Amino acid sequence: MGVLALQGGFAAHVAALRRARIGAVEVRRANELEGLRGLVLPGGESTAMLSLLRRRGLLAAVSEFGRQGHPVLATCAGLILAASPELAWLDVTVRRNAYGSQRASFVAQSDDGVHDLVFIRAPRVDRVGSRVEVLARWHGEPVLVQQGNVIGATFHPELVSASQLHAKIFGAA
Ligand code: GLN
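In this text the structure is predicted, and so the values were computed from the model without any measurement.

Enquirer: Teacher, can you tell me more about the overall build of the protein chain here?
Expert: Regarding its fold elements, the protein chain presents five helices and 11 strands. Here the protein chain holds 173 residues, and the buried ones make up 51% of them. When contacts within the protein chain are restricted to residue pairs at least 6 apart in sequence, long-range pairs at least 24 apart make up 65% of them. Accessible area for the protein chain stands at about 7800 Å²; split by element, carbon and sulfur atoms hold 49% of it. If the 19 positive side-chain charges of the protein chain are averaged to one point and the 14 negative ones to another, these points end up 4 Å apart.

Rendered as structure tokens:
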């Protein structure tokens, strides 16, 4: 699997994949996407990540990679990118930093008790399109969504010790 490594929390995703015994490489150039089975867009700052994608000439290649149907996990800032007009992989409307400074970072559990949720200046999913499936909620709000091959999380699954989400998405060959 590849982990987009331009900016943000990519190292924790590489570690999470390796804990799940899934091979992981950092991606900084378009040609490094060749031959990969899947991709992680990590958290960080979505505006910085988007401008680096443009400056390094990666935006078209990353966009194409997702469209080819490879499994993609997009977390936090990565989710914001996946929902942006530039990639448009997920038909959701996302509000950045929606929980405000008082609750900048916090830990919770999904309503179904399946996922431990680490939120860091998390975005909020305000609208979910008809082709989008909500996989998990917190206080009734979508926190894990899927459209085809792309899964988006408002939280940070790479920061919990069990890499269950990485294993689920990327584990089966
Ligand atoms: N606040 C960040 C953004 O808007 C996302 C936060 C994160 O990825 N932890 O890009």
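So much for the structure itself; the text now carries on.
Enquirer: How should the side chain of Gln147 be read in this particular structure?
Expert: You can see Gln147 is positioned in strand 10 (residues 141–147). In this view, Gln147 contacts Trp89, Leu90, Asp91, Arg131 and Val132; residues no more than four positions away in its chain are not counted.

Enquirer: Could you clarify how one ought to interpret the nonpolar core in this entry?
Expert: Soluble, globular proteins show a tendency: their nonpolar side chains are buried together. Ranked by internal contacts, the top residues of the largest apolar core, which has 30 residues, are Leu41 and Val62. Elements with a minimum of two residues in this core: strand 3 (39–41), helix 2 (46–55), helix 3 (59–67), strand 4 (72–75) and helix 4 (77–82). What Val62 contacts, discounting residues up to four positions off in sequence, is Leu4, Leu33, Leu39, Leu41, Leu53, Leu87 and Trp89. Among the nonpolar cores identified, the runner-up in size contains 26 residues, and Phe10, Leu73, Phe119 and Val143 belong to it.

Enquirer: I'm lost on the pairing of strand 9 (residues 133–138) in this one. Help?
Expert: In summary, the side chains of a regular strand alternate between the two faces of the sheet. Two elements, strand 9 and strand 10, share five bridges in a ladder whose sense is antiparallel. The partner of Glu133 across the bridge, within strand 10, is Gln146. Here strand 9 hands over to strand 10 after two residues, with His139 in that stretch at a positive phi of 50°.

Enquirer: It is not clear to me how the packing of aromatic side chains should be interpreted in this structure. Could you clarify?
Expert: When we look at a pair of aromatic rings, we describe it by the centre distance and by the angle of the planes. Summed over all chains, the structure comprises six aromatic pairs. Among the aromatic residues, ring-to-ring pairing joins Tyr99, Phe106, Phe119 and Trp138 into one connected group.

Enquirer: Teacher, can you tell me more about the pattern of salt bridges here?
Expert: Side chains that carry opposite charge are capable of pairing whenever their charged atoms lie near each other. Inspection of every chain in the model, using the stated rule, returns seven salt bridges. The salt bridge partner of Glu45 is Arg96, with a shortest N-O separation of 2.9 Å. With Glu45 in the loop between strand 3 and helix 2 and Arg96 in the loop between strand 5 (92–95) and strand 6 (105–109), this residue pair connects regions lying 51 residues apart in the sequence. A salt bridge links Arg54 to Glu86; its shortest N-O distance comes to 3.0 Å. With Arg54 in helix 2 and Glu86 in the loop between helix 4 and strand 5, the pair connects residues that are 32 residues apart, well separated along the chain. Judged by its relative accessible area of 48%, Arg54 falls in the partly exposed class. In this structure, a network of salt bridges that share partners links the residues Asp91, Arg127 and Arg131.

Criteria and thresholds
Per-chain numbering applies: the sequence of each chain, read as written, is numbered from 1 onward. For this predicted model, a pLDDT threshold of at least 70 governs which residues receive local features, and a threshold of 80 or more governs which side-chain atom pairs are given and counted, while totals over whole chains, interfaces and linings are taken from all residues. Heavy atoms from the whole structure form the basis of all side-chain values; hydrogens and water molecules are not counted. Secondary structure elements follow DSSP: runs of H or I of four or more residues count as helices, runs of E of two or more count as strands, with numbering from the N terminus. Residue exposure (1.4 Å probe, protein chains only): buried if accessible area is under 20% of the type maximum, exposed if over 50%, otherwise partly exposed. Contact between two residues is taken to exist if any of their heavy atoms lie within 4.5 Å; hydrogens are not considered. Note on areas: these come from Shrake-Rupley sampling with a 1.4 Å probe, and a residue is covered only by the protein chains present in the view. Here Asp and Glu are counted as negative and Lys and Arg as positive; His is not counted, and neither are the chain ends. Where a charge sits is defined by one atom per residue type, namely NZ (Lys), CZ (Arg), CG (Asp) or CD (Glu). Take the buried residues of types Ala, Val, Leu, Ile, Met, Phe, Trp, Tyr and Cys, join any two whose side-chain atoms come within 4.5 Å, and each joined set is a nonpolar core. Pairing between two strands requires that DSSP report at least two bridges joining them. Each pair of aromatic rings taken from Phe, Tyr and Trp, with Trp reduced to its six-membered ring, is defined by centres within 6.5 Å and is described as stacked if the planes are under 30 degrees apart, edge-to-face if over 60, and tilted in the remaining cases. Basic side-chain nitrogens of Lys or Arg form a salt bridge, by our definition, when they fall within 4 Å of a carboxyl oxygen of Asp or Glu.

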